[in-house]
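Okay, here's what each chain looks like letter by letter:
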Amino acid sequence: MAPRTPVAQTLGGYRQAAPPPALAAMLECAWVHAIAGNTDPRCPAHQVLPDPSVNLVFMCRRDEEGRVDAPRLALIGPILRPYPLALRPAHEIVAVKLHPEWSRPLLGAQAREHADRIDDLHEVNDAAGPLLDKLACTRHWSEASRLLTGFIQTTQSRMATSAGRQARQHEAAMALRRAPLRHSVSAAAADCGVGPRHFRRLFEVATGITPKSYSRIRRLLQLLATADAVQRPDWATLALAGGYSDQSHMVNEFRDITGLTPTALLRERRLEAGLYRSRA
């Protein structure tokens, strides 16, 4: 089974797009969060959900003329616990989302060392300073997005081809993304030609998260993206198609990972989408 291709998505001030084809093996997507207009007291925060990926982000305030204030270039490690993000007018977050096994080769940062943290990139990467200077001169989030993608592309072109142990670790991560939603760990281990225990070691070294946790979070995010796209989700059907044993299993997973039921989480996301639009 081929890895799932990221789709374009907009939710309130958030929008995402697929990465350039040449970087699809390393990047999950490019995204921006920037709301137009003032915040609404009915929805003062955006719910950030658990996500095993690593994000290279540029954060700033941008005035009506596009000038940047308070620029910051940072790395957001794997998110294991949900948290609310306060919505603020003129504040902008532009990012590229990396598959976690590429964090160290491309950014010089081991994913697991940055879990549930936002760290300045210059602490782990000497190239962060020049990149931040360029980002601070941009006049629109789309320029910043192109610079971040270009930085990844330039870094990738300088890398020597991975070999040996690192290549096996990357193979394990890719195999889990290719695996069916049910029994994904055993299927991915078989795809790599190793036993489940050896596979778990390879995967955790590469990504900083266990295969089980990675699969649980990605399964939830995939189902939620499907639910976002339909007016009235049939949760029982979505649960079975998403690899859950039944609807109760799905609801319990949502509560455990996000703190909310699927219905409550979707209601919250649709409120935000109805109140806000992204900055063009």
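See above for the structure.
What comes next concerns the included structure. (Residues numbered from 1 in each chain as written. Predicted model: local features only at pLDDT ≥ 70, side-chain atom pairs only at ≥ 80, totals over all residues. Heavy atoms only, no water.)

In terms of helices and strands, the protein carries 10 helices and 9 strands. Taking 2.2 N^0.38 as the reference for a compact globule, 280 residues should give roughly 19 Å; the C-alpha atoms of the protein span a radius of gyration of 19 Å, in line with that estimate. Projected onto the principal axes, the alpha-carbon positions of the protein cover approximately 55 × 50 × 30 Å. When each of the 280 residues of the protein is scored for burial, the buried share is 48%. Long-range pairs, those at least 24 residues apart, make up 73% of the contacts in the protein with a sequence separation of at least 6. Summed over all atoms, the accessible surface of the protein reaches about 13700 Å², with 52% contributed by carbon and sulfur. The protein carries 36 positive and 27 negative side-chain charges, and their two centres are separated by 4 Å. (Helix = DSSP H or I, 4+ residues; strand = E, 2+ residues; numbered from the N terminus. Rg over C-alpha atoms; globule rule 2.2 N^0.38 Å. Buried < 20%, exposed > 50% of the residue type's maximum accessible area, 1.4 Å probe, protein only. Contact = heavy atoms within 4.5 Å. Areas by Shrake-Rupley, 256 points an atom, 1.4 Å probe, with all protein chains shown as cover. Lys, Arg positive; Asp, Glu negative; His and termini not counted. Charge placed at Lys NZ, Arg CZ, Asp CG, Glu CD.)

Right, let's get into the environment of alanine 264. In this structure, alanine 264 sits in helix 10 (residues 262–275). A relative accessible area of 22% places alanine 264 in the partly exposed class.

As a further point, take the state of the cysteines. Considering all chains together, one arrives at 0 disulfides under this definition. Take cysteine 29: it sits in no disulfide, and the sulfur closest to it among the cysteines is that of cysteine 60, at 19 Å. (Disulfide = S-S within 2.5 Å.)

To continue, consider the nonpolar core. Membership of the largest hydrophobic core comes to 31 residues, with the highest contact counts inside it found for Phe199, Met250 and Phe254. Of all the secondary-structure elements, those providing two or more residues to this core are helix 4 (164–178), helix 5 (184–192), helix 6 (196–207), helix 7 (211–228), helix 8 (235–241), helix 9 (247–258) and helix 10. When near neighbours in sequence (up to four residues on either side) are disregarded, phenylalanine 254 contacts Leu220, Leu223, Leu224, Tyr244, Gly259, Leu260, Thr261, Pro262 and Leu265. Of all hydrophobic cores here, the second largest spans 29 residues; its members include Leu23, Leu27, Leu56 and Cys60. (Core = buried A, V, L, I, M, F, W, Y, C linked by side-chain atoms within 4.5 Å.)

This part covers the pattern of salt bridges. Oppositely charged side chains are able to pair whenever their charged atoms sit close together. Following the criterion strictly, the structure yields 15 salt bridges and no others. For the salt bridge of aspartate 69 with arginine 61, the shortest nitrogen-to-oxygen distance reads 2.5 Å. The exposure class assigned to arginine 61 is partly exposed, which follows from its relative accessible area of 35%. Salt-bridge contacts for glutamate 253 lead to arginine 219; the nearest nitrogen and oxygen are separated by 3.5 Å. Of the two residues, glutamate 253 sits in helix 9 while arginine 219 sits in helix 7, which places them 34 residues apart along the sequence. For arginine 219, a relative accessible area of 13% gives the class buried. Put simply, Arg216, Arg219, Glu253 and Asp256 are held in one network by salt bridges that share partners. (Salt bridge = Lys/Arg side-chain N within 4 Å of Asp/Glu carboxyl O.)

With that settled, the discussion passes to the environment of alanine 241. Note that alanine 241 resides in helix 8. Distance in space between the C-alpha atoms of alanine 241 and alanine 24 is 25 Å, their sequence separation being 217 residues.

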